[in-house]
Amino acid sequence: MERTALRRRLTWQVGTVTEVRAETATARTVVLDVPDWPGHLAGQHLDVRLTAPDGYRASRSYSIASAWTGTTIELTVEQVPEGEVSPYLVEVLKVGDPLEIRGPVGGWFVWKPEQEGPIQLIGGGSGVVPLMAMLRAHAAARSTTPARLLYSVRRPASVIYVPELKELAASEDVEITFAYTREAPAGETRPPARVDAELLNAVAFRPEDEPTTYVCGPTPFVETVADLLVAAGHDPARVRTERFGPTGGPR
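Residues numbered from 1 in each chain as written. Predicted model: local features only at pLDDT ≥ 70, side-chain atom pairs only at ≥ 80, totals over all residues. Heavy atoms only, no water.

Across its full length, the protein holds five helices and eleven strands. The C-alpha atoms of the protein give 18 Å as radius of gyration, which agrees with the globular expectation for 251 residues (18 Å, within 12%). Dimensions of the protein, computed from the C-alpha atoms along their principal axes, are close to 55 × 40 × 30 Å. Once local pairs closer than 6 in sequence are excluded, the contacts in the protein between residues at least 24 apart make up 72%. Here the protein displays about 12100 Å² of accessible surface, and carbon together with sulfur accounts for 50% of that area. The protein carries 26 positive and 32 negative side-chain charges, and their two centres are separated by 4 Å. (Helix = DSSP H or I, 4+ residues; strand = E, 2+ residues; numbered from the N terminus. Rg over C-alpha atoms; globule rule 2.2 N^0.38 Å. Contact = heavy atoms within 4.5 Å. Areas by Shrake-Rupley, 256 points an atom, 1.4 Å probe, with all protein chains shown as cover. Lys, Arg positive; Asp, Glu negative; His and termini not counted. Charge placed at Lys NZ, Arg CZ, Asp CG, Glu CD.)

Next up, the structure:
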């Protein structure tokens, strides 16, 4: 890590919810003010801990959705059926509530404005969250580094960050492609299907472009995409992956 602040010993601290907003029927963004936040890199995550009245504690990891903006951070959480933490964050947490967090965590799955070469982002479902942090950091830095996002999602209603993605797609340096797996919108020429070699060849940077590729999502999605990229000739050392565990937290 380049920032001394990011090399400290991680401790639990309390943030205050300043805003909540719905992204989809099952996903919500929580904005926190954390006075002692040391800053983070795009792609890192943090731990959230909840404590019940009887003392029982549950913690989960969530990707940070925001670029570093002082003491404010954003988390976008997809509700996990029968989950212990995500239902509270999506359905119960309100403005003014405290939330215990610990982070930032992670140093491999990150993007820095000074990196050389184009960036290819490939997300499945809520795996788009850390990739959005990278796109936000890219915009905040006014980077002219070419960036492409391939976002695999079940249906249009499941797309997170709709207005912002439209705005980012208008940039000359950012290209965004959606791959719908269950239901495609009217006018979509590609029928619903999973990400495959043909689609990657059509919309992703080629191996000779020497991109750094970030793949995030459920484990089967990540492994399939990473295998397709390597089979297409991409350098495995330039393919960075982050998988979602059973609880939805990044691993």
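Having seen it, we continue.
Glancing now at the packing of helix H2 (residues 128-140) against helix H3 (residues 162-169). Axis separation between H2 and H3 bottoms out at 12 Å; the angle between their running directions is 45 degrees. One finds that H2 runs oblique with respect to H3. In this structure, the crossing between H2 and H3 has a hand that is left-handed. Along the contact surface, H2 presents Met 132, Leu 135, Arg 136 and Ala 139, while H3 presents Glu 164, Leu 165 and Leu 168. For the contact of H2 with H3, a count of residues per class yields five nonpolar, no polar and two charged. (Axes fitted to C-alpha atoms, helices over the stretch in contact; angles between N-to-C directions. Parallel < 35°, antiparallel > 145°, perpendicular 65-115°, else oblique. Left-handed = near helix turned anticlockwise from the far one by under 90°. Nonpolar A, V, L, I, M, F, W, Y, C, P; charged D, E, K, R; others polar.)

It is worth spelling out the pattern of salt bridges at this point. Following the criterion strictly, the structure yields 13 salt bridges and no others. In this structure, the salt-bridge partner of Glu 84 is Arg 60, at a minimum N-O distance of 3.0 Å. Of this pair, Glu 84 sits in the loop between strand E5 (72-78) and helix H1 (86-92) while Arg 60 sits in strand E4 (residues 57-63), and the two are 24 residues apart along the sequence. The class of Arg 60 is buried, set by a relative accessible area of 18%. Between Arg 190 and Asp 196 there is a salt bridge, and its shortest N-O distance comes to 3.9 Å. (Salt bridge = Lys/Arg side-chain N within 4 Å of Asp/Glu carboxyl O. Buried < 20%, exposed > 50% of the residue type's maximum accessible area, 1.4 Å probe, protein only.)

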